Amino acid sequence: MRQVVLLLLCALCVAVVFTPATWAATPPADTLKVDYFDSANTGNPSTLRLTNPGTAGGNLYAAIYVFDPDQEMSECCECLLTPDGLRTLSVDTDLTSNPLTGPPLLTTGLIKLVSTTGTSASKLTPVAALRAWATHVQPISLATTETASQDATFSSAEQSRLQSECSSIQRDGSGHGICTCGTGD
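Model, not experiment: these values are computed from the prediction. (Residues numbered from 1 in each chain as written. Predicted model: local features only at pLDDT ≥ 70, side-chain atom pairs only at ≥ 80, totals over all residues. Heavy atoms only, no water.)

1. A look at the overall build of the protein
We count it as follows: Labels follow the DSSP assignment, with helices taken as runs of H or I lasting at least four residues and strands as runs of E lasting at least two, numbered in each case from the N terminus. Here's how the labels work: a residue is buried when its accessible area is under 20% of the maximum for its type, exposed when over 50%, partly exposed in between, all with a 1.4 Å probe on protein chains only. Computed with a 1.4 Å probe, the accessible areas rest on the Shrake-Rupley method; for each residue, only the protein chains presented here act as cover.
Summing up its helical and strand segments, the protein has four helices and ten strands in all. N-terminal to C-terminal, the α/β element order of the protein is α-α-β-β-β-β-β-α-β-β-β-β-α-β. Burial status across the protein gives 40% buried among its 185 residues. In the form shown here, the protein has an accessible surface area of approximately 9,700 Å², with 61% of it arising from carbon and sulfur atoms.

Have a look at this one:
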């Protein structure tokens, strides 16, 4: 009898730990994309292309976070993506022209993209859907290549950090640190 009670208690603990409410605490897979930029603001334009394939069942937003080489968030914004729409952003004009700390403009850095139904990069509601590609100007040959942005694991801690840093930029940056959404869609 004691073994049965112990087994039931263990089963109850497992059921409590692995409920759907616990799963909701971790953002769904395929919500975070990462890419880099190099040779920005040097006369060699690069682009970031975003699309909503429609798998989320309606409009979504791309929450965009731009980081400098010292891992500091430089700009953030959110851009509407309608189903089957295509949005094109210039790395020079839309993603690096309004840095939080002012000039000099970034030439290299990291771009993080979060697929969300929320309308603010400082308040995310992650949903799997966003697709993204970026062009890269090769330093020596100046040839342009285009690659798909890479999927990355999106943790609750990363979500909180991105939201907090972007919220601070939007609140205290006096208009600096806000990227723009380019053309299309």
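2. Focus on the pairing of strand S8 (residues 144-148)
Worth spelling out the cut-off: When DSSP finds two or more bridges between two strands, those strands count as paired.
Note: strand S7 (residues 131-137) against S8, five bridges, orientation antiparallel. Residue pairing across strands places Thr135 opposite Glu146, the latter belonging to S8. Between S7 and S8, which pair antiparallel and follow one another directly, the connecting turn spans six residues, one of which, Leu142, has a positive phi of 60°.

3. Describing the pattern of salt bridges
For clarity, the cut-off: Salt bridges are defined by distance alone: a side-chain nitrogen of Lys or Arg within 4 Å of a carboxyl oxygen of Asp or Glu.
The full count for this structure, using the stated rule, is eight salt bridges. Notably, a salt bridge pairs Lys33 with Asp30, separated by 2.7 Å at the nearest N-O pair. A relative accessible area of 4% means that Lys33 is categorised as buried. Among the salt bridges present, the one from Arg161 reaches Glu165, with a minimum N-O distance of 3.1 Å. Linking Arg161 with Glu165, this pair stays in helix H4 (residues 156-172), spanning four residues, or about one helical turn. Overall, the relative accessible area of 29% leaves Arg161 in the partly exposed class. A relative accessible area of 26% means that Glu165 is categorised as partly exposed. Counted as one network, the salt bridges with shared partners bring together Asp30, Lys33, Arg131 and Asp151.

4. Focus: the sheet that holds strand S4 (residues 73-81)
In sheet architecture, strand pairing relies on hydrogen bonds along the backbone and comes in two forms, parallel and antiparallel. Defined as follows: Whenever a helix is involved, its axis is fitted only over the stretch in contact; in every case the axis is a line through C-alpha atoms, and angles between N-to-C directions fall within 0 to 180 degrees. By definition, residues are in contact when any of their heavy atoms lie within 4.5 Å.
With antiparallel pairing, five strands are arranged side by side in an open sheet as S4-S3-S6-S1-S9. Bordering the open sheet on either side are S4 and strand S9 (150-152), each of which pairs with just one other strand. Strand after strand, the sheet turns through a mean of 25° between neighbouring axes, direction not considered. Bridge analysis of strand S3 (residues 60-67) against strand S6 (residues 109-116) gives seven bridges, and the strand direction is antiparallel. In the sheet register, Ile64 faces S6, and the bridge partner there is Leu113. Together, S3, S4 and S6 form the strand contacts of H4, whose direction differs from that of S4 by roughly 100°.

5. Remarks on the state of the cysteines
Which entries qualify depends on this criterion: For this text, the term disulfide refers to a pair of cysteine sulfurs within 2.5 Å.
Tallied over the entire structure, the rule returns three disulfides. For Cys77, the disulfide goes to Cys179, at an S-S distance of 2.0 Å. Torsion about the S-S bond of the Cys77 and Cys179 cystine: about -100°, corresponding to left-handed handedness. Here Cys77 is found in strand S4, whereas its partner Cys179 is found in the loop between H4 and strand S10 (183-184), with 102 residues between them in sequence. Once the bonded cysteines of the protein are numbered in order along the sequence, the disulfide links fall as 1-4, 2-5, 3-6.

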